[in-house]
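As a plain string of letters, each chain reads:
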Amino acid sequence: MRSSLHHIGITVSNIDEAIRFYSAVSAGSATGPLIKSGPAVEAVTGASGAQIAQAFVTPAGGGAVIELLEYRGAPGDPIDPQPSRVGSCHAALIVADLDDALARAATLGVAPTSAPQVATQGPLEGWRYVYLIGPDEVRLELLEAPQPREHSVPHCPSRPHPATSAMLA
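The following refers to the structure shown. Just so you know, these numbers come straight off a predicted model, no measurement behind them.

## Some thoughts on helix 1 (residues 15-26)
Then comes step 1: The first and last C-alpha atoms of helix 1 sit 16 Å apart over 12 residues, in line with the 16 Å expected at 1.5 Å per residue.
Then comes step 2: Summarising burial for helix 1: 9 of the 12 residues are buried, a large majority.
Then comes step 3: Residues Ile 15, Ala 18, Ile 19, Phe 21, Tyr 22, Ser 23, Ala 24, Val 25 and Ser 26 constitute the buried set of helix 1.
Then comes step 4: Sitting at the head of helix 1, Asn 14 places a side-chain oxygen 3.1 Å from the backbone nitrogen of Asp 16.
Then comes step 5: Looking one or two residues beyond helix 1, the residue adopting positive phi is Ala 27, at roughly 55 degrees.

## Quick look at the sheet that holds strand 4 (residues 65-72)
Hydrogen bonds between backbone groups are what pair the strands of a sheet, and the pairing can be parallel or antiparallel.
Then comes step 1: Across the sheet, which stays open at both edges, the 4 strands sit in the order 1-4-3-2 with mixed pairing between neighbours. With one partner strand each, in any of the chains shown, strand 1 (7-11) and strand 2 (29-36) form the two edges of the open sheet. In this sheet, adjacent strand axes meet at a mean angle of 20 degrees when their direction is disregarded.

## Some remarks on the pairing of strand 7 (residues 128-133)
Then comes step 1: Examined bridge by bridge, strand 6 (residues 117-118) and strand 7 share 2 bridges and lie antiparallel to one another. Considered in strand 7, the bridge of Val 118 is made with Arg 128.
Then comes step 2: Pairing between strand 7 and strand 8 (residues 139-144): 6 bridges, direction antiparallel. Residue pairing across strands places Tyr 131 opposite Glu 141, the latter belonging to strand 8.

## With respect to the packing of aromatic side chains
Then comes step 1: Under the defined criterion, the tally for this structure stands at 1 aromatic pair.
Then comes step 2: The aromatic ring of Tyr 131 is capped on one face by Arg 139, whose charged end is 5.4 Å from the ring centroid.

## Some remarks on the side chain of Glu 144
Then comes step 1: Note that Glu 144 resides in strand 8.
Then comes step 2: Side-chain polar atoms of Glu 144 contact the backbone nitrogen of Leu 98, separated by 2.7 Å.

## Describing the layout of surface pockets
Then comes step 1: For the largest pocket, the calculated volume is near 630 Å³.
Then comes step 2: Along the wall of the largest pocket there are 24 residues; nearest its centre are Thr 11, Val 12, Ile 79, Asp 136 and Val 138.
Then comes step 3: Of all the secondary structure elements, the ones that give two or more residues to the lining of the largest pocket are strand 1 and strand 4.
Then comes step 4: For the lining of the largest pocket, the element with the highest residue contribution is strand 1, accounting for 4 residues.
Then comes step 5: Its residues assigned to classes, the lining of the largest pocket shows 12 nonpolar, 7 polar and 5 charged.
Then comes step 6: Looking at the second largest pocket, its volume works out to about 280 Å³.
Then comes step 7: Taken together, 13 residues line the second largest pocket, and the ones lying closest to its centre are Leu 5, Ala 64, Ala 92, Leu 93 and Ile 94.

## Some points on unusual backbone geometry
Then comes step 1: That bond from Gly 32 to Pro 33 is cis: its omega, 15 degrees, falls within 30 degrees of zero.
Then comes step 2: Relative to the helices and strands, Pro 33 resides in strand 2.
Then comes step 3: A positive phi angle, near 55 degrees, is found at Ala 27, a position not held by glycine.
Then comes step 4: Within the chain, Asp 136 stands out as a residue other than glycine whose phi angle is a positive 60 degrees.
Then comes step 5: Of note, Asp 136 is situated in the loop between strand 7 and strand 8.

Thresholds, definitions, all that
Counting of residues starts from 1 at the beginning of each chain's written sequence and follows it residue by residue. Reporting in this predicted model follows two pLDDT cut-offs: at least 70 for local features of residues, and 80 or more for side-chain atom pairs to be given and counted; totals over whole chains, interfaces and linings ignore these cut-offs and use all residues. As a convention, hydrogens and water are excluded, and side-chain values are obtained from all of the structure's heavy atoms. Only DSSP runs of H or I reaching four residues or more are called helices, and only runs of E reaching two or more are called strands; each is numbered from the N terminus. Here a helix's expected span is defined as the number of its residues, less one, multiplied by 1.5 Å. With a 1.4 Å probe rolled over the protein chains alone, any residue whose accessible area is under 20% of its type maximum counts as buried; one over 50% counts as exposed, and the rest are partly exposed. We define a polar contact as two N or O atoms separated by no more than 3.5 Å, with the added condition that, inside protein, one atom must be a possible hydrogen donor and the other a possible acceptor, whereas residues neighbouring each other in sequence contribute only through side-chain atom pairs. When DSSP locates at least two bridges between a pair of strands, those strands are taken to pair. The convention used is that axes are lines fitted to C-alpha atoms, helices contributing only their stretch in contact, and that angles between N-to-C directions extend from 0 to 180 degrees. For Phe, Tyr and Trp, rings pair up if their centres lie within 6.5 Å, where Trp contributes its six-membered ring, and each pair is then called stacked (planes under 30 degrees apart), edge-to-face (over 60) or tilted (otherwise). Any Lys NZ or Arg CZ found within 6 Å of a ring centre and within 35 degrees of that ring's normal is scored as a charge over the ring. A cavity here means a set of 1 Å grid points, computed over protein atoms only, where a 1.4 Å probe fits but cannot escape. A pocket is an open set with protein on both sides within 12 Å along at least 5 of 7 lines, and lining residues have an atom within 4 Å of a point. Grid points are joined across faces, edges and corners, and a volume is the space filled by probe spheres set on the points. Gly falls in the polar group here, along with every residue not listed as nonpolar (Ala, Val, Leu, Ile, Met, Phe, Trp, Tyr, Cys, Pro) or charged (Asp, Glu, Lys, Arg).

Here it is, written out as structure tokens:
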């Protein structure tokens, strides 16, 4: 069996607000919130006595899901999400249309941190990208794959070139 990413978990202060944001930006659908508590949850999370509201947002294009967790009854101070902080992380969401995703975010009062950029090297060369700061100051990167370039195909005659005919014989 090969490895793949199933989900990314994000701890939030308001599960309903987070569901609205991540569902809108991903054009996806949400499952939950589900309420979890008890010994198994405490053993895994280390949050004794906590009740956790859990939801999953599945982006429209499928792939890994976004798990949202609101811990109730457990202390939790916000972290400093600045990208230069060691240990900080962000999710990157592939969207079909970056401008459309930004318009959906704008309806929630969320603006990008800059104008969309185009990667000029590496595995994302040609991809458009931008960051949003969502609920609880969580940084979300939006990615749009390069659009296929339209190019002209030279006219092909109905009969092969004589040199090609000789090679095929």
